[in-house]
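Read off the chains here:
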Amino acid sequence: MQPMVRSWSLQLQLRPANEIITWSSYVPPSYCCASTLKRTNQYITTFDAHKLTIFGENFYCKPREFASHFTYGKTYTNGVARHCGVRLPIDVKQPEGACIMNKEVAFITGSAQGIGEAIARRLVKDGFAVAIADLNFELATKVADSINDDGGKAAAFKVDVSDRGGFQQAIEDASDSLGDLNVLINNAGIAPTTPIDTITAEMFDKVYHVNVASCIWGMQAATALFKGKGHGGKIINAASQAGVVGNANLMLYSSTKFAIRGLTQVAAKDLAKDGITANAYAPGIVKTPMMMDIAHQVAVNAGKDDEWGMSTFSKDITLGRLSEASDVANAVAFLAGHNSDYITGQTLIVDGGMQFQ
Ligand SMILES: NC(=O)C1=CN([C@@H]2O[C@H](COP(=O)(O)OP(=O)(O)OC[C@H]3O[C@@H](n4cnc5c(N)ncnc54)[C@H](O)[C@@H]3O)[C@@H](O)[C@H]2O)C=CC1
Ligand SMILES: CC(=O)C(C)=O
């Protein structure tokens, strides 16, 4: 019996045992989704050079409804699978026998601007598909559109990272629409200036929920997805040089960033058995809206100008210049890529030499 399929097609590249099988499916008009399955995946129980047998109701064909086009227990050969689609999208050129390799997918919070945006753009250059996840959906959409216009692959998602359920849903949605999830970058954060005597219970709750709880919610959701898909993954959390040495005027923020380093170490230990690494990055003084705002607030509190405010943070940078967001993105790209596979539980300080640890 042929599988019930409508207007889509599937290609399989079948490889020797224990290698990764890469497959891609196309859904008109030009939607492409892809994923990677391993031979050991619970949903694939028979596999040789030419055949793939699926014993599972949902084997990660995304979006989910397309999984139902495969029949439980049926064996698909390369040719059958490729021809089971009756209509190819006319704007996708698909040479006979070609295999479209999938991209790894990174979900980056707070990527509508600043460091997160720079990370997203850098990871696209490295071949990732990226989820631009931010509270500011309008800005996130602009970033995703501009990446797609430049030939990359991105989708925007509205998320408040302090909302556990919403964050989890956004990660699942991103995995559905981009085809997989391999890297979670918990980058979103807030940094109100908080001299000790000004701190209220509400401010404490807000900063700790956005900066700290969010990392735990994100790690929970990503870990469940990685495991469900039968592969490992990478979790990368934003700390700060202010999480390495306490910074004046930043009681709440600075202490949340110390917490990030701690929870990253715990995650590294807890998740290693699942093939998941957890690391953090600690930027220094980066030219983003957040840093401009902090410098301004510190200056206002001291009755000085913004330049003075910035100089209080930048005077001890060994390399003698403020950080560009791209300086941080370069380091995060290393943590997101496979050159860092043997590194876990670490905080990579990217501050031009402010803190030596
Ligand atoms: N700019 C700097 O000098 C440094 C920044 N960092 C850290 O790097 C990360 C990124 O910082 P920047 O790019 O400078 O910040 P930014 O303020 O320029 O951008 C942060 C982004 O996060 C989003 N965001 C804020 N709250 C959110 C929430 N609840 N849910 C979803 N998205 C939310 C904002 O809409 C914004 O797009 C932060 O975790 C920050 O603490 C660390 C060290 C230095
Ligand atoms: C904003 C921040 O993380 C600083 C000043 O290190």
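Quick notes on the rules
Residues numbered from 1 in each chain as written. Chains lettered and ligands numbered in written order. Predicted model: local features only at pLDDT ≥ 70, side-chain atom pairs only at ≥ 80, totals over all residues. Heavy atoms only, no water. Near = heavy atom within 4 Å. Polar contact = N/O pair within 3.5 Å; in protein donor to acceptor, adjacent residues only side chain to side chain. Areas by Shrake-Rupley, 256 points an atom, 1.4 Å probe, with all protein chains shown as cover. Helix = DSSP H or I, 4+ residues; strand = E, 2+ residues; numbered from the N terminus. Expected span 1.5 Å × (residues − 1). Buried < 20%, exposed > 50% of the residue type's maximum accessible area, 1.4 Å probe, protein only. Pairing = 2+ DSSP bridges. Axes fitted to C-alpha atoms, helices over the stretch in contact; angles between N-to-C directions. Contact = heavy atoms within 4.5 Å. UniProt positions renumbered as here; feature names shortened; annotations may be inferred. Parallel < 35°, antiparallel > 145°, perpendicular 65-115°, else oblique. Left-handed = near helix turned anticlockwise from the far one by under 90°. Nonpolar A, V, L, I, M, F, W, Y, C, P; charged D, E, K, R; others polar.

1. Brief notes about the site of ligand 1
No. 1: Around ligand 1, 28 residues are found, and the nearest of them are Asp-134, Asn-187, Tyr-253, Val-286 and Thr-288.
No. 2: For ligand 1, an oxygen atom lies 2.8 Å from a polar atom in the backbone of Ile-115.
No. 3: Take Lys-257: an N or O atom from its side chain is 3.0 Å from an oxygen atom of ligand 1.
No. 4: Bound to the protein, ligand 1 loses 93% of the 830 Å² it would expose on its own.
No. 5: Secondary-structure elements contributing two or more residues to the shell around ligand 1 are helix H2 (114-125), helix H6 (251-271) and helix H7 (289-302).
No. 6: It is H7 that provides the largest number of residues to the shell around ligand 1, a total of three residues.

2. Focus on helix H4 (residues 164-178)
No. 1: The end-to-end C-alpha distance of H4, which contains 15 residues, comes to 21 Å, matching closely the 21 Å that a straight helix rising 1.5 Å per residue would cover.
No. 2: Among all positions in H4, only Phe-167, Ala-170, Ile-171, Ala-174, Ser-175, Asp-176 and Leu-178 are buried.
No. 3: Residue Gly-179 follows H4 closely and has a positive phi angle near 100°.

3. Brief notes about the sheet that holds strand S12 (residues 276-283)
No. 1: Taken in spatial order, the seven strands line up as S9-S8-S7-S10-S11-S12-S13 in an open sheet, and their pairing is parallel. A single partner strand is all that each edge strand has here, and the edge strands are strand S9 (154-158) and strand S13 (347-350). Shown here is a sheet whose adjacent strand axes are inclined to one another by a mean of 20°, direction ignored.
No. 2: Relative to strand S10 (residues 183-186), strand S7 (residues 105-109) is paired through three bridges, and the arrangement is parallel. Bridging across to S10, Ile-108 finds its partner in Ile-185.
No. 3: Along the sheet, helix H5 (residues 201-228) contacts S10, strand S11 (233-238) and S12; its crossing angle with S10, the most-contacted strand, is approximately 175°.
No. 4: Taken strand by strand, H6 contacts S11, S12 and S13, and its axis lies near 160° from that of S12.

4. Thoughts on the UniProt feature "active site" (unreviewed entry) in the protein chain
No. 1: The UniProt record annotates "active site" (unreviewed entry) at Tyr-253.
No. 2: Secondary-structure assignment places Tyr-253 in helix H6.
No. 3: Those residues in contact with Tyr-253 that lie beyond four places of it in its chain are Ile-190, Ala-191, Val-207, Asn-211, Ser-240, Ala-242 and Met-290.

5. Some thoughts on the side chain of Asn-182
No. 1: Relative to the helices and strands, Asn-182 resides in the loop between H4 and S10.
No. 2: Only 2.7 Å separates the side chain of Asn-182 from the backbone nitrogen of Val-105, close enough to count as a polar contact.
No. 3: Beyond its immediate chain neighbours, meaning those up to four positions away, Asn-182 contacts Glu-104, Val-105, Phe-226, His-231, Gly-233 and Lys-234.

6. Points about the packing of H5 against H6
Relative orientation and spacing of two packed helices are given, respectively, by the angle between their axes and the distance between those axes.
No. 1: Packing of H5 against H6 leaves a shortest axis separation of 10 Å and a crossing angle of 20°. When the axes of H5 and H6 are compared, the pair comes out roughly parallel. The way H5 lies across H6 gives a crossing that is right-handed. Mapping the contact onto sequence places Met-203, Phe-204, Val-207, Tyr-208, Asn-211, Val-212, Cys-215, Ile-216, Met-219 and Thr-223 in H5 and Leu-252, Tyr-253, Ser-255, Thr-256, Lys-257, Ala-259, Ile-260, Leu-263, Ala-267 and Leu-271 in H6.
No. 2: Grouping the amino acids of the contact of H5 with H6 by side-chain chemistry returns 15 nonpolar, four polar and one charged.

7. Description of the site of ligand 2
No. 1: The environment of ligand 2 is made up of Ser-240, Gln-241, Ala-242, Tyr-253, Gly-284, Ile-285, Met-291, Ile-294 and Phe-313.
No. 2: With respect to ligand 2, the side chain of Ser-240 contributes an N or O atom lying 2.7 Å from an oxygen atom.
No. 3: In the model, an oxygen atom of ligand 2 is placed 2.6 Å from a nitrogen or oxygen of the Gln-241 side chain.
No. 4: A total of 220 Å² of accessible area belongs to ligand 2 in isolation, and the protein chains cover 94% of it.
No. 5: Among the residues making up the shell around ligand 2, the classes are represented as six nonpolar, three polar and no charged.

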